[in-house]
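Residue-level structural notes
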Amino acid sequence: MTSVIRSLFAFAATATALLGSLGMATSTQAYQFGQQELNPEQVIAIAEPIRNGQLYKLLILEQISNVRPCWQERPGIPTTIDPLLLNFDFTGICGRRSDSNGYSLRLGGEDLDGRYRLQIVQRGGTLVLLAVPARDRNSSPLEIGRSNGVTTDLAKIELNAGWRMTRRLYNGQPVGHIYLTHDQDLNTLIATASTATPSLSAPPPVHPLVENQPPSPAQPSLESLLQGRPNRNPPPLFSANSGLYYRLVVPANSPDILERVHAIEPGAFRNTVNGQAVIQAGIFRQRPRAVELQQRLSQANLSSQIIQGSGSIASNPNPVMPRNHHGQTVVMIDPGHGGRDPGAVGIGGLQEKVINLAISRRIQQVLQQRGVTAILTRTDDREIDLDPRVSHAERANADLFVSIHSNAISLSRPDVNGLETYYYDTGYGLAQSIHNTVLQRTGMLDRGLRQSRFYVLLYTPMPAVLVETGFVTGQEDAARFRNPSARDQIADAIAEGILNYIQ
Ligand SMILES: [Zn+2]
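A brief structural summary. (Residues numbered from 1 in each chain as written. Predicted model: local features only at pLDDT ≥ 70, side-chain atom pairs only at ≥ 80, totals over all residues.)

1. Notes on the overall build of the protein chain
- Helix and strand counts for the protein chain come out as 12 helices and 25 strands.
- In the protein chain, which comprises 503 residues, the share counted as buried stands at 48%.
- In the protein chain, 71% of the contacts between residues at least 6 apart in sequence involve partners at least 24 apart. (Helix = DSSP H or I, 4+ residues; strand = E, 2+ residues; numbered from the N terminus. Buried ≥ 20, exposed ≤ 12 C-beta atoms within 10 Å, placed from the backbone. Contact = placed C-beta atoms within 7 Å.)

Encoded structure:
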């Protein structure tokens, strides 16, 4: 069935709107989404400068209704964009997508969300929009478009021939997610691409979009729509603890340099290597991953060295990162979202990122009291992409990974409340233990134990779960989140579920 559909779309790419309905009939996850054509006049790709042009990220604006213009183009080299939508309440008039939850790559009718990231790099006097392989460093980046000049204003990205933007269809319904689309499939494009290896910019942040979602409790929740990253080829698990490794270090140890390295790699820490005080940015089994991080550091004017070593990564001196030595269990707790990314926003402006951190901290506290090492992927209000969360858990040799989120559906649906616990494969037992314990201890509504391909579940080598601790848009759940003792009760129950599973 899959191959029939694939060849069908190789010949009839314009029929891709059919894919939404056809896709559900196949067993392949990648085909559950379809695409809908957009008027090219009503959607624009923009390079948005970060930190005064040290980095750029992709911003996509959409004119949804014609009440007021959402942006204005100023001719020049490059063409710059005046974001008019910032001057008014653009709800229902303009769409704004600023991260990987709002846009992704779709080639030849196939979603490549988990496999490629959309990034903007500065190269040869222009800003280039690239699809960069997220994990498989043997794959080539694809060039999608360029600005034809560099500016610290918003720059228009002109798409290359064959590229356009389309809208994601889910079960045939349009949703708030834009595709950078080409009708040729990945292999054909790679074969014809002449793109040189780019230097990589920092990956885009995660940010959910709440608008344009049809509210219905019968459908998967908003978070599962937004965070599920279809990928038919999950990578192999992290290799065994032997063989070569590549340690990436910045030869400095001052707090301000540590801070700058942290901004790029939140898992960085001070270490001593060959008698020298350094900041260790990462340690990898695969050299290309160290090179990729080195390039990101050098874009921020941080010079670093790759030091090759061999043996077990876990046995190397590492004063900060807890290890599962002596049979002690290490649990990585992952508070979702943070920094500029608030996550879901609910009743009275309740922010998911705040709830996630409070619950995660409390879980950490309870686990530590019970003699289990618990580490957080973030301990403050900072933005971290999904991949560093996973690699942090890898480096810490965590035994379990528990991602903490809160759910949202629509402010018009305060009746939708309850607990959802997600796993991908090996996390099933842990998910079951947490889910049952939370239901027993809190009396929350049961929205089920669910299997899903969330990025952090797919790419973590240890049993991993994602707990949606309630709906910030739900009357009952939002009240629970606002009450510190009720919120602690959720955290305590999650910790108890983890402990029950360990024992
Ligand atoms: Zn979330």
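2. Focus: the sheet that holds strand E1 (residues 33-37)
- Reading across the sheet, the five strands line up as E1-E14-E15-E7-E8 and stay open at both edges, with mixed pairing between neighbours. Looking at which strands have only one partner, the edges of the open sheet turn out to be E1 and strand E8 (110-111).
- Across two bridges, the pairing between strand E7 (residues 103-107) and E8 is antiparallel. Bridge pairing links Leu107 to Glu110 in E8. (Pairing = 2+ DSSP bridges.)

3. Quick word on the nonpolar core
- In terms of nonpolar packing, the biggest core is built from 55 residues, with Val331, Val456, Val465 and Ile494 touching the most fellow members.
- Per-element accounting of this core gives the leading share, seven residues, to helix H12 (residues 484-502).
- Sequence-distant contacts of Val465, defined by excluding residues within four places in its chain, comprise Val402, Thr421, Tyr422, Tyr423, Gly427, Leu430, Ala431 and Ile434.
- Core analysis: the second largest hydrophobic core is formed by 40 residues, Ala45, Cys94, Leu127 and Ala134 among them. (Core = buried A, V, L, I, M, F, W, Y, C linked by C-beta atoms within 7 Å.)

4. Some remarks on the pairing of strand E24 (residues 446-451)
- Note that strand E23 (residues 419-423) and E24 share four bridges and pair parallel. Counterpart to Tyr422 in the pairing with E24 is Arg450.
- For the crossover that starts at E23, traverses helix H9 (residues 428-442) and ends in the parallel E24, the hand is right-handed. (Right-handed = clockwise from strand over helix to strand, strands pointing away.)

5. Things to note about the pairing of strand E21 (residues 373-376)
- Examined bridge by bridge, strand E20 (residues 330-335) and E21 share four bridges and lie parallel to one another. Residue pairing in the sheet places Met332 in a bridge with Ile375 of E21.

6. Points about helix H6 (residues 287-299)
- Given a rise of 1.5 Å per residue, 13 residues ought to cover 18 Å, and the 19 Å separating the end C-alpha atoms of H6 matches this to within 8%.
- Among all positions in H6, only Ala290, Leu293, Gln294, Arg296 and Leu297 are buried. Down the axis of H6, the sector holding all buried residues measures 160°, keeping them to one side.
- After H6 finishes, the residue Asn301 shows a positive phi value of roughly 60°. (Expected span 1.5 Å × (residues − 1). Arc of directions from axis to C-beta.)

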